[in-house]
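# Fold and contact review
So you can see what is in the structure, the chains are spelled out below.
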Amino acid sequence: MNPTLFPWMIAVPLGVSPLVYLAGRLGSHKMELNGRSIFVRGLALLALLVTWALFVLSWMEFTARNEKLLFNLESIWLNADGLSFLLAAMVLGLGTFVVLFSGPYIAGEVGEEKYYAMLLAIVGIMIGLGCANDLFNLWMWFEAMAVSSYLLVAFYRERSASLEAGMKYLVQSATGSVLVLLGIALVLGNAGTLDMDKIRAMVSSESAAPFGLLLAGALFVIGFGVKVAFVPLHTWLPDAHSQAPSGISAMLSGVVIEAGLVAMLRALSTLGGFSISWGTLLLAFGALNMFFGNLMALRQTQVKRMLAYSSLSHIGYILIGLGIALFNGNPAGAQGAAFHLFNHMVMKGLAFLAAGAFLFALLDKSGIHRPLEVKDLAGGARKYPLAALALSIALLALGGLPPLAGFMSKWQIFVAGFQGSNAWLMGLVIFAALNSVLSLAYYAPLVNMLYRRNMGEVVERGAPIPLAMNIPLVVFALAIVVIGLWPSLMNWLTEPAAQAFLVMFGK
Amino acid sequence: MAGILIGLVIGLPWLGALVLWQTRDENPRLQHTLAVAFSIAAGVASLALIPFASAETAISIPMGHYFGELTFTADGLAVALTAIACVIGSLAVIFSVDYMQGEEQLSRYYAFVLLFIGAMAGLVLSGNLLFMFFFWEITALCSYALISFYNDDPKAVAGGIKALIITQVGGVGLLAGALTTYAVLGSYQVSDLLAKAETMPAGLLTLIAFGFLIAAAAKSAQFPFHTWLPDAMEAPTPISALIHAATMVNAGVYLLARFYPAFQHVAGWTLAVTIVGLVSALITAFMALTATDLKRALAYSTVSQLGYMVYAIGVGGVFASQFHLLSHAVFKALLFLSAGAVIHSAGTRDMRRMGALGKQMPFVRNVFILGALALAGLPILNGFWSKELILEAGLSEGPLWAYVGMLLGAGMTAFYTLRMTWIVFFGEARESLHVHDAGKAMKVSLGLLALGTLTTWLLAGPFGEMLDETLPFHSIHNLNLSELANEIFTAPATYVALAMVALGLAIFWLFRKQATAKSEAWMDILSRESFGFDWLNGQVAERTVQFASVLQKTQTGVLSWNVVGILGALLAVLIFLVWSA
Amino acid sequence: MTLNSLNVVLFGVILLLAVGFYGLLITRNLIKIVLVLQVLVKAVVIALVLAGKQSGNLGLGQSIAATVIVADTVVAVVALALAVQVRRHTGTLDLSKISTLRG
């Protein structure tokens, strides 16, 4: 066994996280508030940059060895395959810019150091989650991710809506996690092991699935499904995503629910050997999520709540891609899903960050604590051309318009649906495409609102958006356009992820 | 060389869009100048491309697995439409210098116009279905952005979103067709589809053919998607002229013409195309009879003329349809822009408030009349030649009832064209509007378009020859000018059609009092709701929203219900797993 | 099904789960909700030990159970901390009374 670097991607953010907290705490007496804030942020950013370097090194190792990387600490095994790297890249990409963005956003709030400590921790935890190779280990990462996200959602401790959202999120998530544990108990009872590879080997040698393992499968789907926001388990999501600080909304929507999805796929893949059509299940949830999310978003008047519902529908597209891949073993579906996972991170991340920038400049700075309404944005482009353009790009990309990223990844998923000429799948793809059109009915009016000539009162009173917030907006908007024009740019990441996914399910 | 020119034709306007987006309202001169410069440069490049027309693929860039090769082919069909888009595009931009004088947010306006011009060129030059769809959707995006350019006006926003949604719904047809092609042939190449259509499974080919028809109907505002174009008239008038008369709406006709050889043997396809064209031509001509809004009247007439082109493809007259497309692009742009000059100076689009404007704006009156005569199909203007060619193809190849319908349409066209001209420029002044003749930049565009209206029919010979030479899969009925004149003037169909036109004009003249006064109630009702289709659109939108508000009740915010959701779903999944295992 | 000791424990697990889920459905007081969640987790802890025993891997089951107890304490602490904040800022512990987010 050669020594490998990838566990340091997990260890560095996790290890620096308490240091960030301590630095914020200890320094509070000696340094000015502002100086402390910069120090805390700088330390967090530095940790993430180091993690980036580690990511690049482990990636080189991964491509050089051309097989998944393994690491063990006593009896705990971690492995890094294509899916792990996809998740790591997403988490790091979004995490870095959220830290940058949050500087002015969180500055001066009570518990600023906790915010960065938790943010850093959740980055490490999610990278770890992607590498787990044992059901219980997976659950531990999953639970750790959940706990840190509860704290981040309920960050505004003095606002009752934020507390309400946090509490609901906690209870539903904890219920889900109990279900996952029950599933693990059933697997342990039936298979006698929790190592995923061993379970897989055992399952493939069995002919019929025992009821216990079927029940475990259902428990995994629902238990992790709460976190992934499968309809009808999604009820916590619109509350939590809209009430959290905007940087956290971006993290929750862009990577946390996706990490939940990765966890679910890992767990389900152990049972992939049974002749159960997991593909049909994912397709059904995909269609439901897509349709439901779009219709719910249609009537929203609050920007962040609308974006939260739109996450439901995008999870739907991803599920359809994965479902197609499982249904007919077509790698195009898995790769399209991986591509859409990545793009959704960029698009929804940008949408939440841009909405956050508006929320910050229009309301927070004036000391108004209420949700940002669509009508508040009237004429936003006149005063904030950059943020308005970024938000418009994000929204139109989410709606699937070219030349933006969302178009290409949806296309790739659709390609998979048509290959094989299965009438049901073709119908489903057409349904998905019509859903994209439907989604424009709520994205487009927001863009129109931004580009009004007459500024609304709220915009007129608005404060400027600081540079640290604008940088992430520019980077993400550029990424959306570049990926939209050059879709194969992300193949290096999505291809191994799709391959890992298919190998996992034994296709 | 062709490759470089293609790059310029798409790249220059897009570069211009990027540059224009950076400009600020403080310096409108710079904005106008830059926009004119970039659009003229694109126009020149597009004209320079014409001699290089060939069926060969000019550019080919591999885009990676699942995305095929990005190829551009400058064949006759493509270069002709590129030239139309870029040249009329630059004329519309020149016109805008006067029209948009003093407006704010010009950077957004010009950026989207230029983005549109590049995308339209890309759409017709693309030899790859995925990228054809890609550019197709970008033109829809630009159209939406420009229709709702006046974002403060709720009608403009509604019109823009309606146009976007309807064309996108149609776009799903193109998407399905492109995906099916890729699934069956493993390639998105247009040439592959044309070459291998015969070998494809019949069911899938039918899916592609009708998918493309739906996309084309939505894009060209044909029945039953004709409702969006009239509402798109909230756009600034140069946009109506460029996007909603001369170029983007032609994309549907282009699509049908491009793939006609692949689909002509699909059962029922040509008949469906014929019917779509016929119905669109008739119902919108009917709506134009009583229209009171100058731009809406022109929009109805656009749909009606596009109906002629679609009909022509249905009866196999690909050349006739493309020839009419060229004529129509020129004379309809002329009509729209001169209407724009009227609206700009009168400050209203309502024809009931105009009248006798001709004396105060003689230049605009003259060019408008020229355009109107071409639209009505009077010799020897360009509209006459192409429309006769279509009717002739219809008589010889298509069903008789469809031909009779189209003849009726020609009479109605003559009627509403004369009515429109009369109400605006002649008769009595209904209100004392203080109007002035067109500005300098406006006159340049109008003059050039008027010249085109008089002369583009002379291109029939070379145009047909170019199509014939560079479209290996089409059989083009290609005539030189004297053959064309000979064919048209010896055919009895021509005289029948001219008689119909004369009849339409005569009826208007005899009943001009009634036709310009308040119209019949039943005609109004039919027209206002676009024969019930606007009502249908409204119902679909309303039901969706209603359904959404019912669903909203499921988000109760009560934790207990949320837990019920979790447990219920658990049960459902368990049942599914047990059943499926 | 014979009445051996494993089945008795299994029955206990199911009973606890039923109580827990029923409680989750009817409870509104935040502190009680935390208690109910604890009941659910304890049921799972027993289930894990049982699964270890049944598969002849009792050590694994027990160690997992112990870890779950620790991890779950963290969740309970966070939940109670939130409940304290709710009480402090709204004066009530009844979730349905502070509920404003819907639709």
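Read on for a plain summary of the structure. (Residues numbered from 1 in each chain as written. Chains lettered and ligands numbered in written order. Predicted model: local features only at pLDDT ≥ 70, side-chain atom pairs only at ≥ 80, totals over all residues. Heavy atoms only, no water.)

## A word on the overall build of chain C
Looking only at helices and strands, chain C features four helices and zero strands. Radius of gyration (C-alpha) of chain C: 17 Å, far over the 13 Å computed for a compact globule of 103 residues. Projected onto its principal axes, the C-alpha positions of chain C cover 50 × 25 × 25 Å. With 103 residues in all, chain C has 43% of them scored as buried. Contacts in chain C between residues at least 24 apart in sequence constitute 51% of all its contacts with a sequence separation of at least 6. (Helix = DSSP H or I, 4+ residues; strand = E, 2+ residues; numbered from the N terminus. Rg over C-alpha atoms; globule rule 2.2 N^0.38 Å. Buried < 20%, exposed > 50% of the residue type's maximum accessible area, 1.4 Å probe, protein only. Contact = heavy atoms within 4.5 Å.)

## Observations concerning the nonpolar core
In terms of nonpolar packing, the biggest core is built from 499 residues, with A:Trp411 and B:Leu125 touching the most fellow members. Here this core takes 23 residues from helix H13 (residues 331-363) of chain A, the largest share from any one element. Setting aside residues up to four positions removed in sequence, A:Trp411 forms contacts with B:Tyr66, B:Phe67, B:Leu130, B:Phe133, B:Leu175, B:Ala178, B:Leu179 and B:Tyr188. (Core = buried A, V, L, I, M, F, W, Y, C linked by side-chain atoms within 4.5 Å.)

## A closer look at a nonpolar patch on the surface
On the surface, A:Leu19, A:Tyr21, A:Leu22 and A:Leu26 cluster together into a nonpolar patch covering about 380 Å² of accessible area. Relative to the helices and strands, A:Leu19 is located in helix H1 (residues 7-30). (Patch = residues over 30% accessible without salt bridge, like charges linked within 9 Å, V, L, I, M, F, W, Y side chains within 5 Å. Areas by Shrake-Rupley, 256 points an atom, 1.4 Å probe, with all protein chains shown as cover. Salt bridge = Lys/Arg side-chain N within 4 Å of Asp/Glu carboxyl O.)

## Thoughts on helix H10 (residues 246-269) of chain A
All names here are of chain A. Between its first and last C-alpha atoms H10 spans 34 Å; for 24 residues at 1.5 Å apiece the expected length is 34 Å, and the two agree. At Leu 252, H10 shows its maximal kink, close to 40°. The buried fraction of H10 is high, at 24 of 24 residues. (Expected span 1.5 Å × (residues − 1). Bend = angle between axes of the 7 residues up to and from the residue.)

## Regarding the pairing of strand S2 (residues 76-80) of chain A
Residue and element names in this part refer to chain A. The sheet contact formed by strand S1 (residues 69-73) and S2 spans five bridges and is antiparallel. Of the residues in S2, the one forming a bridge with Phe 71 is Leu 78. Counted between consecutive antiparallel strands, the loop separating S1 from S2 contains two residues, among which Glu 74 sits at a positive phi close to 55°. (Pairing = 2+ DSSP bridges.)

## Describing the state of the cysteines
Within this structure, the stated rule accounts for zero disulfides over all chains. Left without a disulfide partner, B:Cys142 is nearest to the cysteine sulfur of B:Cys86, which lies 13 Å away. (Disulfide = S-S within 2.5 Å.)

## Remarks on the pattern of salt bridges
Should their charged atoms come close, side chains of opposite charge can pair. All names here are of chain A. Scanning the entire structure with this criterion turns up 20 salt bridges over all chains. Here Arg 200 ties to Asp 197 by a salt bridge, and the two come within 2.9 Å at their closest N and O atoms. Taken together, the residues span about one helical turn, with Arg 200 and Asp 197 both in helix H7 (residues 196-205) at a distance of three residues. You can call Asp 197 partly exposed: its relative accessible area is 33%. Here the residues in one salt-bridge network are Glu 164, Lys 168, Asp 239 and Arg 305, joined through shared partners.

## Concerning the interface of chain B and chain A
The interface of chain B with chain A comprises 61 residues on the first partner and 78 residues on the second. Contact between chain B and chain A buries roughly 6300 Å² in total, counting both sides, with carbon and sulfur atoms accounting for 75%. Looking at the side of chain B facing chain A, the largest losses of area belong to B:Tyr66, B:Gln555 and B:Ile566, adding up to 11% of the total buried there. Between A:Arg382 and B:Glu104 there is a salt bridge, with its nearest N and O atoms 2.6 Å apart. One can count 17 residue pairs in polar contact (both at pLDDT 80 or more) joining chain B with chain A. (Buried area = accessible area lost by both parts, 1.4 Å probe. Polar contact = N/O pair within 3.5 Å; in protein donor to acceptor, adjacent residues only side chain to side chain.)

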